[in-house]
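# Structural features, examined
Below are the chains, spelled out letter by letter.
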Amino acid sequence: MIKPAPILLLCASLAFALVLPEAARAQGFSSSSWSHSSRQEHRSMEHTTMELRIGSYTPDTGSSAFSQIFGGDSGPMIALEIDAHLFRIPHVGIVGLGLSAGFARYRGRSCTVAGDGSPVCGGSGANGGEKAKLLLLPVSTMAVLRVDALARDFGIPFIFSGKLGLDTIFFRSRTGGRVDGEGKTFGLRWGLQVALELDFLDMRAARALDEDWGINHSFIFFELYGSTANSTMALGDRTFAGGLGMTF
Amino acid sequence: MTRTVPSLLMAVALGLAPRPAAAQFTSGNITLTLFQVMEDGVVTRTSDTDLGKALNGIQCDNAANVMLNFTTNNVPSAILFLDLWVGTPSEDCSVTESRTPGDRRICSHLPQDPVIDATDGSFSVSLADLIAGSTACDTGGSEVSLFLWALATGESETTGDITTAQYGFVQFAVDPTPPAAPVPNETASSGDTAISITWPAVGEIDVTYRAYVDTASGSCEATTLVAGAPAPVDVTGIISRRTGSDARSISLNGASLGLTDRQSAAVAITAVDANDNESPISQIVCITRVPTAGFCDVYAADTGESCPQGCSVSPPGTSPSPLPLLVPFALIALGLSRRRSRR
């Protein structure tokens, strides 16, 4: 069983996020360094991308346990992702390292127990027992490729991204007043994203955001993603999310 | 008794706590301060919080044995006893005609003239004497504010004119009416470590609730709790009492109550208002301890694999650590501050 220390993982991610932008800066790339000079000549350098997303997430436990207790509860999963930009591939896009942390909570009713000790459930969460809760805190570290050549070279405001990395899902299951399970499970995390940059809506406002806050671009996105986290317990899923992102 | 917010504010403003004289009356030089309430010889209220409460229905029922102890200041030195009168907030007992015998008398004269303690200037008066001339303790009424007037004239029933140096007054309130009994949403509830009972709020605000759990009877039918009856006074022995906040639910742990599997217990809820009036007990809720299966139990039964235990985000029984969520925010803040500092 894989058991990397989560704190170590976070510290490593933190170090990456702090150090890598410096490396990127040393390279001196910015959205203006090779793009349409007439459109973005005053853009500041890009170091980081942040995304806030929300979407449904229903763990695929490989059993009926989730649906029996929580019925159709699908979260939602709310997550924040920060990508540190490592380097730019000219006329392709940015390669970065991303750290994502999410949160989802599910509520349902416990099943009763038969004389032989086996659970007796009403199905689809329609049980009469105690309250049951499941808390998921997924933390992911991913390599990210953001293909922004369309936006930078041709002014077409679409960005396509691919992500691949390690997913760690911390979880806690509580039934009534007792915790009946808690821990973490690991797996691969992947994602495919299409984003629409919003700069074209108001170029002047976009420029002001950059000058005042260092926000180079803002965008909305739709992402199909999945997790195979099942090392100790199957809690992965393949689902989608939408949200808002910003490039600093 | 149902109180609206304005009436509550007024009740707070006109409550029992010693406070400056009402604006409509001319203040006398004598100051009266309630400092203690005793019931059956036992001190039951001494703190400012408790003394600010209205006298309640239980005290009304035991009025002859409830003594209110006051301190006085600025009583003329030659005066050994006080002439006490009671009036409503609209009745000025310093005015002569308010005390004049006949139909125009609006203040009530107390039958006893308390002697002032020579050492500390205190005196005592029973609740029975205080409410002798009013309906303040009649159940069903709303909270009533009254004024106790102390006249230092050397007379036992002063009828003539008095000066400001010869009187003082203090306000108190009586609230004999308990809130309505809560109506639980369930008649039965089962579970293991969190057997839940819920109920809607009773009409009155500033109410706490008590749950009486009878585990000794072994069944709900044999319980000594009776719906609509007064709350048990003796809560030792077979009845355990749990006082909750103003929350309208309670979660009972079957194991902590000493229930074995499939054993039942009777639970009743009462509401207690700010003046310690307690409602009759609610209808009985029958709770039964039954084992339950949560997500991990069902998962283990389905897959044959147990959920991990203990290697977790945080120690068992505590909330998960927010660290994974805080780190990204810290990164954002750090990144922004570094960026801005370079400008």
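Before any of the text, the structure's been laid out above.
Now for a description of the structure that goes with this document. (Residues numbered from 1 in each chain as written. Chains lettered and ligands numbered in written order. Predicted model: local features only at pLDDT ≥ 70, side-chain atom pairs only at ≥ 80, totals over all residues. Heavy atoms only, no water.)

### Details of the pattern of salt bridges
Counted according to the given criterion, the structure contains 20 salt bridges over all chains. One salt bridge connects Glu 223 of chain A with Arg 53 of chain A, and the closest N-O pair in it is separated by 2.9 Å. Taken together, the positions of Glu 223 of chain A in strand S9 (residues 217-227) and Arg 53 of chain A in strand S1 (residues 48-55) put the pair 170 residues apart, joining distant regions of the chain. Each member of the pair Glu 223 of chain A and Arg 53 of chain A is classed as buried. Where Glu 157 of chain B meets Arg 105 of chain B, a salt bridge forms, and the shortest distance between an N and an O atom there is 2.7 Å. Residue Glu 157 of chain B is found in the loop between strand S8 (144-151) and strand S9 (167-175), and its partner Arg 105 of chain B is found in the loop between helix H4 (96-99) and strand S6 (108-109); the two are separated by 52 residues along the sequence. What makes Glu 157 of chain B partly exposed here is its relative accessible area of 33%. For Arg 105 of chain B, a relative accessible area of 23% corresponds to the partly exposed category. One connected set of salt bridges, linked through shared partners, spans Glu 51, Arg 53, Glu 81, Asp 83, Arg 146, Lys 163 and Glu 223 of chain A. (Salt bridge = Lys/Arg side-chain N within 4 Å of Asp/Glu carboxyl O. Helix = DSSP H or I, 4+ residues; strand = E, 2+ residues; numbered from the N terminus. Buried < 20%, exposed > 50% of the residue type's maximum accessible area, 1.4 Å probe, protein only.)

### A short note on the packing of aromatic side chains
Inspection of every chain in the model, using the stated rule, returns 14 aromatic pairs over all chains. Seen from their ring centres, Phe 66 of chain A and Tyr 106 of chain A are 5.0 Å apart, and the 85° between their planes marks the pair as edge-to-face. Within this pair, whereas Phe 66 of chain A is found in helix H3 (residues 65-70), its partner Tyr 106 of chain A is found in strand S3 (residues 93-109), the two being separated by 40 residues in sequence. Tyr 106 of chain A carries the same exposure label as Phe 66 of chain A, and that label is buried. Relative to Phe 295 of chain B, the ring of Phe 70 of chain A has its centre 5.7 Å away and its plane inclined at 50°; by these criteria the two rings are tilted. Note that Phe 70 of chain A is positioned in helix H3 and Phe 295 of chain B in helix H6 (residues 295-303), a pairing that runs across two chains. Residue Phe 70 of chain A is classed as buried on the basis of its relative accessible area, which comes to 4%. Taking the relative accessible area as the measure of exposure, Phe 295 of chain B reaches 0% and is therefore buried. Taken together, Phe 66, Phe 70 and Tyr 106 of chain A together with Phe 295 and Tyr 299 of chain B form an aromatic cluster joined through their ring pairs. (Phe/Tyr/Trp six-rings, centres within 6.5 Å; stacked < 30°, edge-to-face > 60°.)

### Thoughts on the sheet that holds strand S3 (residues 55-56) of chain B
Residue and element names in this part refer to chain B. The strand order across the open sheet built from 5 strands is S3-S9-S8-S5-S6, with neighbouring strands paired in mixed fashion. Every other strand in the sheet has two partners, leaving S3 and S6 as the edge strands with one partner each. Sheet topology note: the S8/S9 ladder contains 8 bridges and is antiparallel. Paired with Val 144 across the strands is Val 174, a residue of S9. (Pairing = 2+ DSSP bridges.)

### Quick look at a nonpolar patch on the surface
Residues and elements named next belong to chain A. A cluster of nonpolar residues, Leu 150, Phe 154, Ile 156, Phe 158, Phe 160, Leu 192, Val 194, Phe 222, Leu 224 and Phe 240, forms a patch on the protein surface that exposes about 890 Å² of accessible area. Take Phe 158: it is sitting in strand S7 (residues 158-175). For Phe 158, a relative accessible area of 35% corresponds to the partly exposed category. (Patch = residues over 30% accessible without salt bridge, like charges linked within 9 Å, V, L, I, M, F, W, Y side chains within 5 Å. Areas by Shrake-Rupley, 256 points an atom, 1.4 Å probe, with all protein chains shown as cover.)

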